[in-house]
Amino acid sequence: MFTHDSIGLGEDGPTHQPIEHIASLRLIPNMQVWRPCDAIEAAISWGAAVQHATGPSVLVLTRQALAHQVRDAQQIANIRRGGYVLLDSQGAPELIMIATGSEVALAMDAAKQLIASGTKVRVVSMPNTATFDAQDAAYRESVLPRAVAKRIAIEAGVREGWWRYVGTNGAVIGIDHFGASAPAKELFKQFGFTVENVLATAKQVLGG
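Predicted model, so just to flag it, every value in this text is computed and none were measured. (Residues numbered from 1 in each chain as written. Predicted model: local features only at pLDDT ≥ 70, side-chain atom pairs only at ≥ 80, totals over all residues. Heavy atoms only, no water.)

(A) Representation of the overall build of the chain in the model. For the chain, the helix and strand inventory stands at nine helices and seven strands. Burial analysis of the chain (208 residues in total) assigns 53% to the buried set. Taking all contacts inside the chain whose residues are at least 6 apart in sequence as the whole, residues at least 24 apart take part in 71%. Total accessible area on the chain is roughly 9800 Å²; 56% of this is exposed by carbon and sulfur atoms. (Helix = DSSP H or I, 4+ residues; strand = E, 2+ residues; numbered from the N terminus. Buried < 20%, exposed > 50% of the residue type's maximum accessible area, 1.4 Å probe, protein only. Contact = heavy atoms within 4.5 Å. Areas by Shrake-Rupley, 256 points an atom, 1.4 Å probe, with all protein chains shown as cover.)

(B) View of the sheet that holds strand β5 (residues 121–125). Across the sheet, five strands lie side by side as β3-β5-β4-β6-β7; this open sheet has mixed pairing. Because the sheet does not close on itself, it has two edges, and the strands there are β3 (84–87) and β7 (171–173). Geometrically, the sheet is characterised by an average inter-axis angle of 30 degrees between neighbouring strands, direction not taken into account. In this sheet, β7 lies alongside strand β6 (residues 151–154) in parallel orientation, the contact comprising three bridges. Bridge assignment links I152 to a residue of β7, and that residue is A171. Helix-sheet contacts for helix α4 (residues 103–116) involve β3, β4 (95–99), β5 and β6, and the interaxial angle to β4 is about 160 degrees. (Pairing = 2+ DSSP bridges. Axes fitted to C-alpha atoms, helices over the stretch in contact; angles between N-to-C directions.)

(C) Layout of the layout of surface pockets. In this model, the largest pocket occupies a volume close to 350 Å³. Lining of the largest pocket is provided by 15 residues; of these, S102, A105, L106, F188 and F193 occupy positions nearest its centre. For the lining of the largest pocket, the secondary-structure elements that each account for two or more residues are α4 and α8 (184–190). Sort the elements by how many residues they give to the lining of the largest pocket and α4 lands first, with four residues. Looking at the lining of the largest pocket, its residues break down into eight nonpolar, three polar and four charged. (1 Å grid on protein atoms, 1.4 Å probe; cavity = no way out; pocket = protein on both sides within 12 Å on 5 of 7 lines; lining within 4 Å. Points joined across faces, edges and corners; volume = space filled by probe spheres on them. Nonpolar A, V, L, I, M, F, W, Y, C, P; charged D, E, K, R; others polar.)

(D) Main features of helix α9 (residues 195–206). When the terminal C-alpha atoms of α9 are compared, their 16 Å separation across 12 residues agrees well with the 16 Å that a helix rising 1.5 Å per residue should span. Of the surrounding elements, those touching the buried residues of α9 are β4, α4, β6 and β7. One or two steps after α9, the chain reaches G207, where phi turns positive at roughly 85 degrees. (Expected span 1.5 Å × (residues − 1).)

(E) The pattern of salt bridges, seen in detail. All told, the structure shown has nine salt bridges when counted by the stated rule. Between R35 and E103 there is a salt bridge; the shortest N-O distance is 2.6 Å. Of this pair, R35 sits in the loop between β1 (32–34) and α2 (39–51) while E103 is found in helix α4, placing the two residues 68 residues apart along the sequence. Judged by relative accessible area, which is 1%, R35 ranks as buried. (Salt bridge = Lys/Arg side-chain N within 4 Å of Asp/Glu carboxyl O.)

(F) Main features of the environment of R164. Note that R164 resides in helix α7 (residues 163–166). Given a relative accessible area of 53%, R164 falls into the exposed group. Once residues within four sequence positions are removed from consideration, R164 is found in contact with T129 and D133. Of note is the side chain of R164, whose polar atom sits 2.8 Å from the backbone oxygen of G161. (Polar contact = N/O pair within 3.5 Å; in protein donor to acceptor, adjacent residues only side chain to side chain.)

(G) Summary view of α4. Under the 1.5 Å per step criterion, the end-to-end length of α4 is 20 Å for 14 residues, consistent within 8% with the ideal 20 Å. Looking one or two places after α4, you find G118, whose phi comes out positive at around 105 degrees.

(H) Here's a closer look at the nonpolar core. Ranked by internal contacts, the top residues of the largest apolar core, which has 45 residues, are M97, I98, M126, L144, I152, I154 and F193. In this structure, L25, M31, V33 and V58 belong to the second largest nonpolar core, which totals six residues. (Core = buried A, V, L, I, M, F, W, Y, C linked by side-chain atoms within 4.5 Å.)

(I) Representation of the pairing of β5. Counting buried positions along β5 yields five of five residues, so the element is predominantly enclosed. Side chains V121, V123 and S125 project from β5 onto one buried face, and the interleaved R122 and V124 project onto a second face that is buried too. Two strands pair when backbone bridges link them, and β3 and β5 are joined in this way by three bridges, in the antiparallel orientation. Residue pairing across strands places L87 opposite V123, the latter belonging to β5. Where β4 meets β5, five bridges bridge the pair, whose relative direction is parallel. Residue pairing across strands places M97 opposite V123, the latter belonging to β5. Tracing the backbone out of β4, into α4 and back to the parallel element β5 gives a crossover that is right-handed. (Right-handed = clockwise from strand over helix to strand, strands pointing away.)

Here it is as structure tokens:
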């Protein structure tokens, strides 16, 4: 169990902001790394970890309070598949936003504003990249259709690893350097984990 997942434990300084640990853990063969976005994902992740008998599992949790995300029964079932559509557009999406952990709520807030302005947006929560990658091609295509090249990944850690999901036409909102000592809200604003920055990035990706 990891309890410090990002720059969010701000006042303790960069040494307690493990921006590189999640990416490092994901590189370990047969390691299951779960970064849940709320209590529902945390419960599903715990169950999956208990049942994973062929290797270690890690639950990477946050110190911040996270908003509950509304889901139907199918979405709850799909959490075990590592990545799933949390919010979808009416018709084919123009933009897909992929996020994990505390950044899922950020993606949802930004997506709602984009949808209100007429942009078709899909939000994908991906608490476990390895489990998602192990799904069959049809499921992966249903979540991340190849026809939608405009993509943004959001995670408060190093950007390495997310480019394979967003491609050359996408963007990754992350942090490729150690943080600083300040309250979490100030750090998230300083390093671009805000609705305003997600909206600005979406505009760039969409070519606007």
